[in-house]
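# Observations on chain architecture
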Amino acid sequence: MVVMPVVTRYLIDRGDGATVELFQAQAASETPAGAILFVHGNQGGRLLGGIEAVNSGALLRFCSGLNITAAAVSQPGFGASDGPPDFCGPKTQQAIIAALAFLRGQPSVDPDQIVLYGNSRGAVASAMVATQVSDLRAVILSSGVYDLEVAYHESSDGLRWAIEKEAGLSREAFLARSALHYAPEVRSETLLLHGKHDDRAPVAQAELFSKALSKAGVLATLHVFECGHQIPRNDVQGALRPFLQRVFNSVVTYH
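All figures in this text were calculated on a predicted structure; none of them were measured in a lab.

### Considerations on the overall build of the protein chain
What the protein chain contains, in helices and strands, is 9 helices and 8 strands. Its C-alpha atoms give the protein chain a radius of gyration of 17 Å, within 12% of the compact-globule value 18 Å for 255 residues. When contacts within the protein chain are restricted to residue pairs at least 6 apart in sequence, long-range pairs at least 24 apart make up 71% of them. Surface exposure of the protein chain reaches about 11100 Å², of which carbon and sulfur atoms provide 53%. Within the protein chain, the 24 negative side-chain charges are centred at a point lying 2 Å from the centre of the 20 positive side-chain charges.

So, in structure tokens, the structure goes:
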């Protein structure tokens with residue numbers, strides 16, 4: 001009889017007393033296996049947090065299809081994670097790092113086989129985490145920006161307002177959210193996914209970051225799709241399947 005994984009919700013400490021919400025689906029494996037941590041995007045103002053990956057079925061698909069632990073973290077101010085939101089800043093990065101540490105301590109997880117997967121706003125923060133956490137097996141960044149100051153001046157009024165409100169406009173604030181400036185600090189293989197016609201995160205951001213990573217000696221691959229900010233799932237799968245199959249050295253069966 002096949003036992004389907006179940007999703008468990010955890011509330012963990014960010015490291016400063018604040019709460020971080022984490023959802024986890026654990027593979028039924030007798031030996032420690034890989035893990036993937038999803039970091040959500042803006043969510044259209046709904047502030048759902050990590051449960052978005054539960055509701056969409058992503059956690060169970062990745063968990064059962066790859067026989068790994070799949071988890072999703074809620075950024076500060078989203079879901080049940082303590083806020084306020086800081087637009088991909090130090091507190092958000094700290095929350096992601098706390099979630100990675102939690103996964104690393106799970107008996108089901110091989111600490112050397114953890115992949116970080118950030119989308120949109122989550123990609124901005126995940127890229128910065130990759131400059132601070134050197135032992136990730138790989139990083140996947142979808143539809144992100146990697147130089148926030150440049151992106152701010154090219155953004156819509158709504159996005160500018162969010163950046164101003166949550167992060168501020170100081171040089172220090174922009175640098176704390178701009179992984180392009182710290183590309184030599186990244187040590188993990190990186191897969192970048194981006195829409196050619198993205199009107200929120202210009203594709204030039206991904207192109208520049210990919211080149212900076214390669215120049216720094218990081219194995220970086222950029223896939224550009226004929227779409228906007230939201231990359232169709234079927235398109236993403238074509239890039240993800242071979243990448244994850246190689247990273248986890250397994251047969252990918254999710255759909």
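### Concerning the packing of helix 3 (residues 90–104) against helix 4 (residues 121–130)
One can describe the packing of helix 3 onto helix 4 by two numbers: an axis separation of 9 Å at closest approach and a directional angle of 65°. Classified by the interaxial angle, the pair formed by helix 3 and helix 4 is roughly perpendicular. Crossing handedness for the pair helix 3 and helix 4: right-handed. In this structure, helix 3 uses T92, Q93, I96, I97 and L100 to contact helix 4, whose residues at the interface are A125, S126, M128 and V129. For the contact of helix 3 with helix 4, the residue count by class is 6 nonpolar, 3 polar and no charged.

### What to know about the packing of aromatic side chains
By the definition in use, this model includes 5 aromatic pairs. Centre to centre, the rings of Y146 and F209 are 4.6 Å apart; their planes meet at 15°, and the pair counts as stacked. Taken together, the positions of Y146 in the loop between strand 6 (138–142) and helix 5 (148–154) and F209 in helix 8 (residues 203–215) put the pair 63 residues apart, joining distant regions of the chain. Each member of the pair, Y146 together with F209, is buried. Seen in terms of ring centroids, Y152 and F174 are 5.8 Å apart; in terms of plane orientation they differ by 50°. Their pairing is tilted. Of this pair, Y152 sits in helix 5 while F174 sits in helix 7 (residues 171–175), and the two are 22 residues apart along the sequence. Exposure remark for F174: the relative accessible area of 3% places this residue in the buried category.

### Regarding the sheet that holds strand 1 (residues 7–13)
Across the sheet, which stays open at both edges, the 8 strands sit in the order 1-2-4-3-5-6-7-8 with mixed pairing between neighbours. What marks the edges here is a single partner per strand, and that holds for strand 1 and strand 8 (220–225). With direction set aside, neighbouring strand axes in the sheet form an average angle of 20°.

### Focus: the environment of V203
Tracing the chain through its elements places V203 in helix 8. Residue class for V203 comes out buried when judged on its relative accessible area of 15%. V203 sits 183 residues away from V20 along the chain, and the two C-alpha atoms are 31 Å apart.

### Side note on unusual backbone geometry
The omega torsion of the bond from G83 to P84 falls at 5°, within 30 degrees of zero and hence cis. Its place among the elements puts P84 in the loop between strand 4 (69–73) and helix 3. Positive phi outside glycine occurs at L47, with the angle close to 55°. Take L47: its relative accessible area is 43%, and that puts it in the partly exposed class.

The rules we used
Within each chain, residue numbers correspond to sequence positions counted from 1 in written order. Reporting in this predicted model follows two pLDDT cut-offs: at least 70 for local features of residues, and 80 or more for side-chain atom pairs to be given and counted; totals over whole chains, interfaces and linings ignore these cut-offs and use all residues. To obtain the side-chain values, all non-hydrogen atoms of the structure were included, while hydrogens and water were left out. Numbering goes from the N terminus for both helices and strands, where a helix is a DSSP run of H or I of at least four residues and a strand is a run of E of at least two. Based on C-alpha atoms, the radius of gyration is set beside the globule rule, defined as 2.2 Å times the residue count to the power 0.38. Between two residues, a contact is recorded if the distance between any of their heavy atoms is within 4.5 Å. The protein chains shown are the only cover counted for residues, whose accessible areas, like all others here, come from Shrake-Rupley with a 1.4 Å probe. For the purpose of charge, His is not counted, nor are the chain termini; Lys and Arg are scored as positive and Asp and Glu as negative. Each charge is placed at NZ for Lys, CZ for Arg, CG for Asp and CD for Glu. Lines fitted to C-alpha atoms define the axes, with helix axes restricted to the stretch in contact, and inter-axis angles between N-to-C directions lie between 0 and 180 degrees. For classification, angles of less than 35 degrees are called roughly parallel, those exceeding 145 degrees roughly antiparallel, those between 65 and 115 degrees roughly perpendicular, and all remaining angles oblique. Rotating anticlockwise by less than a right angle from the far helix to the near helix defines a left-handed crossing, while the corresponding clockwise rotation defines a right-handed one. Each residue receives one of three labels: charged for Asp, Glu, Lys and Arg, nonpolar for Ala, Val, Leu, Ile, Met, Phe, Trp, Tyr, Cys and Pro, and polar for the others, Gly being one of them. Each pair of aromatic rings taken from Phe, Tyr and Trp, with Trp reduced to its six-membered ring, is defined by centres within 6.5 Å and is described as stacked if the planes are under 30 degrees apart, edge-to-face if over 60, and tilted in the remaining cases. With a 1.4 Å probe rolled over the protein chains alone, any residue whose accessible area is under 20% of its type maximum counts as buried; one over 50% counts as exposed, and the rest are partly exposed. A pair of strands counts as paired when DSSP detects no fewer than two bridges linking them.

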